[in-house]
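One letter stands for each residue in the lines below.
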Amino acid sequence: MKKYKIFFLVAVIGLLASACKYDYIVPETVVIPDNGGNPISFSEQIMPIFSNGDQCTKCHKQGGFGTPDFTKSAAVVYSSIVPAYVDTTNPEGSTIYINAHSGSHNNAKVSGTEAALLLQWITEGAQNN
Amino acid sequence: MKKNSLIILLFSLITTIAFAQDEAAEKDAPVYLPFESGSLIDAQTTEIPDVKTLEFVIQHKFGTIENGISDLWGLYSSANIRLGINYVPYKNIQLGVGLNKSHMTTDLNAKWTILEQTEKNTVPVAVALYGNVGIDGRPISGYSNDSVQVGYTGSVGEIKFPDRLSYFAQLIVGRKFNEHLSLQAGVSFSHYNIADLGYDHDKIGVHFNGRIKVTTQGSIIFNYDQPLKIKSISENREWTTKNDPKPNIAFGYEVSTGAHAFQIYMGTTNYILPQETMMMNASSFDNKGLSFGFVITRLWYH
């Protein structure tokens, strides 16, 4: 019994001694998309974001818990997210942008560069191209 | 000399209070069940079961109602879940461990009811201390970057074990006013060892919750957690409102029997661990951030 008490005490002291660190996660370098004057392509530049790292398609797939299904073709995915989750008048307020990058939607968080790409696509009118 | 007199005075005060309480305890008994369970929605109550009681807690929070019927108001959306076990080794001291889906966090927690409210009001309120340590279990790839910097401009290194730790400490004061009404107020301190730039490591919060018993087994329950915006402890350099955590407002209904409590509720946080709510909650009434949830507790007595 005494052994357990000592172990418990050591564990508590160990965990408390690790407190009071004030570390920051180093922010990633965001590359602002430069498409040479062309609009961002939904099928070629936006669609890959959904499946990259299985961040979105982990749930948003056929038989998955999330709707819409991001594993379908670009045309089908486009019609299911525009205009339902996209607000071209307030791109930063678009549900798809908030859910993808804020980290508040089921721990999903796309990279800063991907988020910038998504935002620019919405700002350009969320075209189906 | 002055110091010695002060020590003697303090010592005599403490012993007097201690003896006074002992005498009072003989005549006065603690009130019966100020709360039906140690958990109240996401919060803790001053209630701790008898010694050698084992408690199993299941906390489940569905997704938000924002998508309406398309995912049945969050029921088909991704959920947050906590499974916890608590044990009472000594009178009024409870130790526990829990597994959280959010950030794959394991939490170790302890609760100590320092004072129990008594029938004859010798002690008018119950006072409890609650604390936990959360250990973020995500793989390094789950973080937005695998490097950390010490302080705002310090040296850069890898994410290490202490960076995964977060803490929550809370002082709870509660009172059972009558058979129907029990209320609690609390103040808390949350700390994260790691944060994104623009977010805080420390947060002080206030809490208010309670129950209104409407039938023998049923109660209306509510919980309110408010993270405070205090400039002197904030590291949010730009001092914007963008990253401020939102308050958690929850209300529900509890049905309980001797060994069970079942609570169903709606609340404005997707998190279950208190430090996550105090530091990161982005849900609110404005963005339809309400979600359904339930808590089931089961006790096994020795």
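As a reminder, the structure under discussion sits directly above these lines.
Quick caveat, the model's predicted, so the values are computed rather than measured.

Q: Would you take a moment to explain the nonpolar core for this structure?
A: The nonpolar side chains of soluble globular proteins are, as a tendency, buried together. Judged by nonpolar contacts, the single largest core of 25 residues is most densely connected at A:Phe42, A:Ile46, A:Phe50, A:Ile81, A:Ile96 and A:Trp121. Elements represented by at least two residues in this core include exactly helix 2 (42-51), helix 3 (74-81), helix 4 (95-101) and helix 5 (112-123) of chain A. Those residues in contact with A:Phe42 that sit more than four places away from it in its chain are A:Met47, A:Phe50, A:Ala74, A:Val77, A:Tyr78, A:Ile81, A:Trp121, A:Gln127, A:Asn128 and A:Asn129. Within the second largest apolar cluster, 8 residues are counted, among which are B:Val57, B:Ala250, B:Tyr265 and B:Val295.

Q: For this particular structure, what's the right way to read the interface of chain B and chain A?
A: Many structure descriptions define interface size as the accessible area lost when the parts assemble. Listed per partner, the contact involves 41 residues of chain B and 26 residues of chain A. Counting each side, the surface lost to burial between chain B and chain A is near 2800 Å², with a carbon and sulfur contribution of 54%. At the surface where chain B touches chain A, the tally comes to 0 salt bridges. For the interface between chain B and chain A, the tally reads 9 residue pairs in polar contact (both at pLDDT 80 or more). Going through the elements one at a time, strand 8 (147-150), strand 10 (165-176), strand 11 (181-192) and strand 12 (194-196) of chain B are the ones with two or more residues in the side of chain B that touches chain A. The element contributing the most residues to the side of chain B that touches chain A is strand 8 of chain B, with 4 residues. Taken together, the residues that form the side of chain B that touches chain A break down as 20 nonpolar, 15 polar and 6 charged. With 3 bridges connecting them, strand 1 (residues 23-25) of chain A and strand 8 of chain B associate as antiparallel partners. Along strand 8 of chain B, the bridge assignment pairs A:Ile25 with B:Val148.

Q: Sorry, what's going on with the packing of helix 2 of chain A against helix 3 of chain A here?
A: Describing two packed helices takes the angle between their axes plus the distance from one axis to the other. All names here are of chain A. Two elements in contact, helix 2 and helix 3, have axes separated by 11 Å at closest approach and are oriented at 75°. Taken together, helix 2 and helix 3 sit at an angle that is classed as roughly perpendicular. Residues Phe42, Ser43, Met47 and Phe50 of helix 2 form the contact with helix 3, whose participating residues are Ala74, Val77, Tyr78 and Ile81.

Q: How do you make sense of the environment of B:Leu99 when you look at a structure like this?
A: Here B:Leu99 is to be found in strand 5 (residues 93-100). With 174 residues separating them along the chain, B:Leu99 and B:Leu273 place their C-alpha atoms 10.0 Å apart.

Q: Looking at this structure, how should I read unusual backbone geometry?
A: Leaving glycine out, the prevailing phi sign among residues is negative, and the prevailing peptide bond configuration is trans. Residue A:Pro83 is reached from A:Val82 by a cis peptide bond, and omega for that bond is 5°. Within the element layout of this structure, A:Pro83 appears in the loop between helix 3 and helix 4. Positive phi outside glycine occurs at B:Leu33, with the angle close to 40°. Position of B:Leu33 among the secondary structure elements: in the loop between helix 1 (2-27) and strand 1 (39-40). On the basis of relative accessible area, B:Leu33 is assigned to the partly exposed category, the value being 23%. Of note in this structure, B:Met104 is not a glycine but carries a positive phi near 45°. Summarising the element assignment, B:Met104 is placed in the loop between strand 5 and strand 6 (105-115).

Cut-off values and rules
- Residues numbered from 1 in each chain as written.
- Chains lettered and ligands numbered in written order.
- Predicted model: local features only at pLDDT ≥ 70, side-chain atom pairs only at ≥ 80, totals over all residues.
- Heavy atoms only, no water.
- Core = buried A, V, L, I, M, F, W, Y, C linked by side-chain atoms within 4.5 Å.
- Buried < 20%, exposed > 50% of the residue type's maximum accessible area, 1.4 Å probe, protein only.
- Helix = DSSP H or I, 4+ residues; strand = E, 2+ residues; numbered from the N terminus.
- Contact = heavy atoms within 4.5 Å.
- Buried area = accessible area lost by both parts, 1.4 Å probe.
- Salt bridge = Lys/Arg side-chain N within 4 Å of Asp/Glu carboxyl O.
- Polar contact = N/O pair within 3.5 Å; in protein donor to acceptor, adjacent residues only side chain to side chain.
- Nonpolar A, V, L, I, M, F, W, Y, C, P; charged D, E, K, R; others polar.
- Pairing = 2+ DSSP bridges.
- Axes fitted to C-alpha atoms, helices over the stretch in contact; angles between N-to-C directions.
- Parallel < 35°, antiparallel > 145°, perpendicular 65-115°, else oblique.

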